[in-house]
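# A look at the structure
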Amino acid sequence: MPILLYVSSNLPVPQWFVKNVTSKMYKYIWNGKPDKIKRNTLIGNIEQGGLKMIDFENMVKAQKLMWIKRIYSDDQPSWKAFPTWLTLHVTRQTYHHLK
């Protein structure tokens, strides 16, 4: 799972892939049989009757959102040069186009 999350944080992830991974996770848990407990329940906390199961779709979304935090943080590593330039360039073009 960590490898899938790492890759999905850096590359576009199609919805069919997310559904496929989720399906395989639950098939593994239930030995290929139909779900015995609702998936939303399994994702919940143990105190609420869940198992703290990973919600792969939400984890992928969270990984994507973390990039926004990294890009707009105050530190200036070299990898931020292109995304920063691209953001400014697209913003300027959009602004001038709207004028």
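Residues numbered from 1 in each chain as written. Predicted model: local features only at pLDDT ≥ 70, side-chain atom pairs only at ≥ 80, totals over all residues. Heavy atoms only, no water.

Looking only at helices and strands, the chain has five helices and zero strands in total. Its helices and strands in sequence order give the chain the pattern α-α-α-α-α, from N to C terminus. For a compact globule of 99 residues, the expected C-alpha radius of gyration is about 13 Å, and the chain comes in at 19 Å, more than 25% above that figure. By principal-axis analysis of the C-alpha atoms, the chain measures approximately 55 × 30 × 25 Å. Burial status across the chain gives 16% buried among its 99 residues. In the chain, once contacts between residues fewer than 6 apart in sequence are set aside, the share between residues at least 24 apart is 47%. When the accessible area of the chain is evaluated, it comes to approximately 8200 Å², of which 64% is carbon and sulfur surface. Of the charged side chains in the chain, 15 are positive and 6 negative, and the gap between their average positions amounts to 7 Å. (Helix = DSSP H or I, 4+ residues; strand = E, 2+ residues; numbered from the N terminus. Rg over C-alpha atoms; globule rule 2.2 N^0.38 Å. Buried < 20%, exposed > 50% of the residue type's maximum accessible area, 1.4 Å probe, protein only. Contact = heavy atoms within 4.5 Å. Areas by Shrake-Rupley, 256 points an atom, 1.4 Å probe, with all protein chains shown as cover. Lys, Arg positive; Asp, Glu negative; His and termini not counted. Charge placed at Lys NZ, Arg CZ, Asp CG, Glu CD.)

Judged by nonpolar contacts, Leu5, Val18, Val21, Met25, Tyr26, Trp30, Leu42, Met53, Phe56 and Val60 together constitute the single largest core of 10 residues. Looking at this core, the elements that each hand over two or more residues are helix H2 (15-29) and helix H4 (56-71). A total of four residues in this core trace back to one element, the largest contributor, which is H2. Discounting residues that sit within four places of it in the chain, Val21 has contacts with Leu4 and Phe56. (Core = buried A, V, L, I, M, F, W, Y, C linked by side-chain atoms within 4.5 Å.)

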